[in-house]
Amino acid sequence: MRKFAIAAAAAIAFGATAAEADVVKVGVIGPFSGPFAIQGKNFKAGIDAYIAEHGNKIGDNTVEIVYRDVPQADPAQSKALAQELVVKEKVQYLAGFYFTPDAMAVTPLLKQANVPMVVMNAATSSIVAKSPYVVRVSFTTWQTSTPIAQVALDLGVKKVITVVSDYGPGVDAENAFKAAFTKAGGEVVQAIRMPLSTNDFSPIMQRVKDSGAQGVFAFLPSGPTTLGFMKAYADNGLGKAGVRLFAPGDLTQESDLPALGEAAAGALTTFHYALSHDSDENRRFVENARKAIGNPAELSFPSVGAYDGMHVIYRMIEATGGRQDAEKAVEAVKGLSWESPRGPVSIDPESRHITQNIYLREVARAEDGSYYNKEIRTFEKQGDPGLAAQ
Ligand code: PHB
């Protein structure tokens, strides 16, 4: 009787371990509440759209997503949650990361935890250099801010003032724009860095007017920040005063366009993704992601980062047969190329950052009166100029 009990207990224990080994957990950290909640909802919509299309099984393994909320840039909270995901939840992958500081804080944990990190948004160039286990499928602000310098010059704008949020991706954007603009003969007359918490942009707009610049280059992280900045640009009459705006596409994300309306019309931005991108892959993605997010007007670019991030994670799970082996997983996606909803992409084997087209877009009015980012020019196969510059 006692022997039987022990054998049964062992069988149950063994059975449980075998079943658990078939579940591969992915921990996703992002802003799921608070002022940036729509950006986090877009992570989830992209992940849900991917799973709706491809299922949650890879061979014998079942993927399970575990979400953790970091409402605003908060490296300490991000690190603590990543630790909890690794130690308690036993996630094999970490993904998400909307804000740079949240990604940076987690990179020192990866090696010991034997966990790859798939960055679905955070856009400071140096993140990939912090650990060999980081793969990024979003963009960098170097990548998105470099081509707009030539666009400004082509329009005869030679004197520009730069305005950026004073943290990683903002400093990178400022440096990227300045490098490309001055190299091609332009002049940056002033460079303003604002605290990330800035929400009154009128004084900034006054400084832009006073600078005598013909154009303003701006970067802020998408969310209430960009909405406020774009409104202030219009309300303070900068466009009417002839000061043109040049920016990466964070400033005209689709989910901000209904609130901005005419205030954004004509804005020129460069970015890796527009919801209007003309391809079958994108039409299928947008349809599924709209279903997933519930309110279609909330769909925006973090969804495509999350969708492509899942593509990379699925390939990693395939390559490792569901076993935890971060090095093998990362090796397996170096050089990987595929057709994303944004266009053709690949993972650069050296940097582990995504190579992709960057599109010039104009905010245009559709027949139904809504506004959208219309792609008007393509800068093909852009790598990350930021890594070379460091
Ligand atoms: C970042 O913190 O890296 C970040 C956040 C939002 C953006 C771009 C970059 O739109």
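Residues numbered from 1 in each chain as written. Predicted model: local features only at pLDDT ≥ 70, side-chain atom pairs only at ≥ 80, totals over all residues. Heavy atoms only, no water.

### Concerning helix α13 (residues 302-320)
(1) Moving on: Counted at 1.5 Å a residue, the expected span for α13 with its 19 residues is 27 Å, and the 27 Å between its end C-alpha atoms agrees.
(2) Moving on: Here α13 lies mainly inside the structure; 16 of its 19 residues are buried. (Helix = DSSP H or I, 4+ residues; strand = E, 2+ residues; numbered from the N terminus. Expected span 1.5 Å × (residues − 1). Buried < 20%, exposed > 50% of the residue type's maximum accessible area, 1.4 Å probe, protein only.)

### Observations regarding the nonpolar core
(1) Moving on: Membership of the largest hydrophobic core comes to 91 residues, with the highest contact counts inside it found for L94, M310, V312 and M316.
(2) Moving on: Domain assignment of the residues forming this core places at least three in each of domain 1 (2-139 + 278-352) and domain 2 (143-271 + 358-389).
(3) Moving on: What L94 contacts, discounting residues up to four positions off in sequence, is G27, A82, L85, V86, V106, L110, V115, P116, M117 and V118.
(4) Moving on: Counting residues in each nonpolar core, the second largest holds 27 residues, with A218, M230, L238 and A267 among its members. (Core = buried A, V, L, I, M, F, W, Y, C linked by side-chain atoms within 4.5 Å. Domains from an automatic or database assignment. Contact = heavy atoms within 4.5 Å.)

### A look at the packing of helix α2 (residues 37-54) against helix α12 (residues 280-293)
A packed helix pair is summarised by two numbers, namely the angle formed by the two axes and the spacing between the axes.
(1) Moving on: The contact between α2 and α12 brings their axes to 8 Å, and the two run at 120°. When the axis of α2 is compared with that of α12, the two are oblique. Crossing hand, α2 versus α12: right-handed. Contacts between α2 and α12 involve K41, N42, A45, G46, D48, A49 and E53 on the former and, on the latter, R284, F285, N288, A289, A292 and I293. (Axes fitted to C-alpha atoms, helices over the stretch in contact; angles between N-to-C directions. Parallel < 35°, antiparallel > 145°, perpendicular 65-115°, else oblique. Left-handed = near helix turned anticlockwise from the far one by under 90°.)

### Re the UniProt feature "domain: Leucine-binding protein" (unreviewed entry) in the protein
(1) Moving on: What UniProt calls "domain: Leucine-binding protein" (unreviewed entry) maps, in this numbering, to residues 24-364.
(2) Moving on: Annotation note: span residues 24-364, helix share 40%, strand share 23%, distance between end C-alpha atoms 43 Å. (UniProt positions renumbered as here; feature names shortened; annotations may be inferred.)

### Notes on the site of the ligand
(1) Moving on: Surveying the vicinity of the ligand reveals 14 residues, the closest of which are T100, A123, Y167, S222 and D250.
(2) Moving on: In this structure, A123 approaches the ligand through a main-chain N or O atom, which is 2.8 Å from an oxygen atom.
(3) Moving on: Protein contacts shield 100% of the accessible area of the ligand, which totals 280 Å² for the unbound molecule.
(4) Moving on: Looking at the shell around the ligand residue by residue, the class counts come to ten nonpolar, three polar and one charged.
(5) Moving on: There are two domains that each give the shell around the ligand at least three residues, and those are domain 1 (2-139 + 278-352) and domain 2 (143-271 + 358-389). (Near = heavy atom within 4 Å. Polar contact = N/O pair within 3.5 Å; in protein donor to acceptor, adjacent residues only side chain to side chain. Areas by Shrake-Rupley, 256 points an atom, 1.4 Å probe, with all protein chains shown as cover. Nonpolar A, V, L, I, M, F, W, Y, C, P; charged D, E, K, R; others polar.)

### Some details on unusual backbone geometry
(1) Moving on: In this model, K90 sits at a positive phi of 55°, which is unusual for a non-glycine residue.
(2) Moving on: Along the chain, K90 turns up in the loop between α3 (75-87) and β4 (93-96).
(3) Moving on: The residue K381 is not glycine, and still its phi comes out positive at about 45°.
(4) Moving on: Summarising the element assignment, K381 is placed in strand β15 (residues 371-382).

### Looking at the side chain of T100
(1) Moving on: Within the secondary structure, T100 sits in helix α4 (residues 100-104).
(2) Moving on: If we ignore the near neighbours within four places in the chain, the residues touching T100 are A122, A123, T124, I127, Y167 and P169.

### Considerations on the environment of Q77
(1) Moving on: Relative to the helices and strands, Q77 resides in helix α3.
(2) Moving on: Under the relative-accessibility criterion, Q77 is labelled partly exposed at 29%.
(3) Moving on: Measuring from C-alpha to C-alpha, the distance between Q77 and F285 comes to 32 Å, with 208 residues separating the pair along the chain.

### Regarding the pairing of strand β13 (residues 343-347)
(1) Moving on: The sheet contact formed by strand β12 (residues 337-340) and β13 spans four bridges and is antiparallel. Considered in β13, the bridge of S340 is made with G343.
(2) Moving on: Once β12 ends, the chain turns through two residues before running back antiparallel as β13.
(3) Moving on: Where β13 meets strand β14 (residues 354-365), three bridges bridge the pair, whose relative direction is antiparallel. From the neighbouring strand, I347 faces β14, where its bridge partner is I354. (Pairing = 2+ DSSP bridges.)

### Some words on the sheet that holds strand β5 (residues 117-119)
(1) Moving on: The six strands lie next to each other as β2-β3-β1-β4-β5-β6, forming an open sheet whose pairing is mixed. Strands with a single pairing partner mark the edges of an open sheet, and in this sheet they are β2 (57-58) and β6 (134-136).
(2) Moving on: Here β5 runs beside β6; their pairing, made up of three bridges, is parallel. Residue pairing across strands places V119 opposite R136, the latter belonging to β6.
(3) Moving on: On top of the sheet, α3 reaches β1 (23-30), β3 (61-69) and β4; it is set at about 150° to β3, its chief contact.

### Points about the pattern of salt bridges
Between side chains of opposite charge, a pair can form when the charged atoms approach closely.
(1) Moving on: Inspection of the entire model under this criterion finds 15 salt bridges.
(2) Moving on: A salt bridge links R284 to E53; the shortest N-O distance between them is 3.3 Å. Separated by 231 residues along the polypeptide, R284 in helix α12 and E53 in helix α2 bring together distant segments of the chain.
(3) Moving on: For R284, a relative accessible area of 42% gives the class partly exposed.
(4) Moving on: Judged by its relative accessible area of 24%, E53 falls in the partly exposed class. (Salt bridge = Lys/Arg side-chain N within 4 Å of Asp/Glu carboxyl O.)

### A closer look at the packing of aromatic side chains
(1) Moving on: All chains considered together, the criterion is met by 15 aromatic pairs.
(2) Moving on: Look at Y50 and Y314: their rings are 4.9 Å apart centre to centre, the planes differ by 80°, and that puts the pair in the edge-to-face class. A residue pair is termed long-range when its members are at least 10 positions apart, and Y50 in helix α2 and Y314 in helix α13 qualify at 264 residues. Per residue, the accessibility class of Y50 equals that of Y314, and both read buried. (Phe/Tyr/Trp six-rings, centres within 6.5 Å; stacked < 30°, edge-to-face > 60°.)

### What about helix α7 (residues 147-154)?
(1) Moving on: Within α7, six of the eight residues are buried, leaving the element largely enclosed by the surrounding structure.
(2) Moving on: Residues of α7 that are buried: P147, I148, A149, V151, A152 and L153.
(3) Moving on: Downstream of α7 by one or two residues, G156 has phi in the positive range, about 80°.

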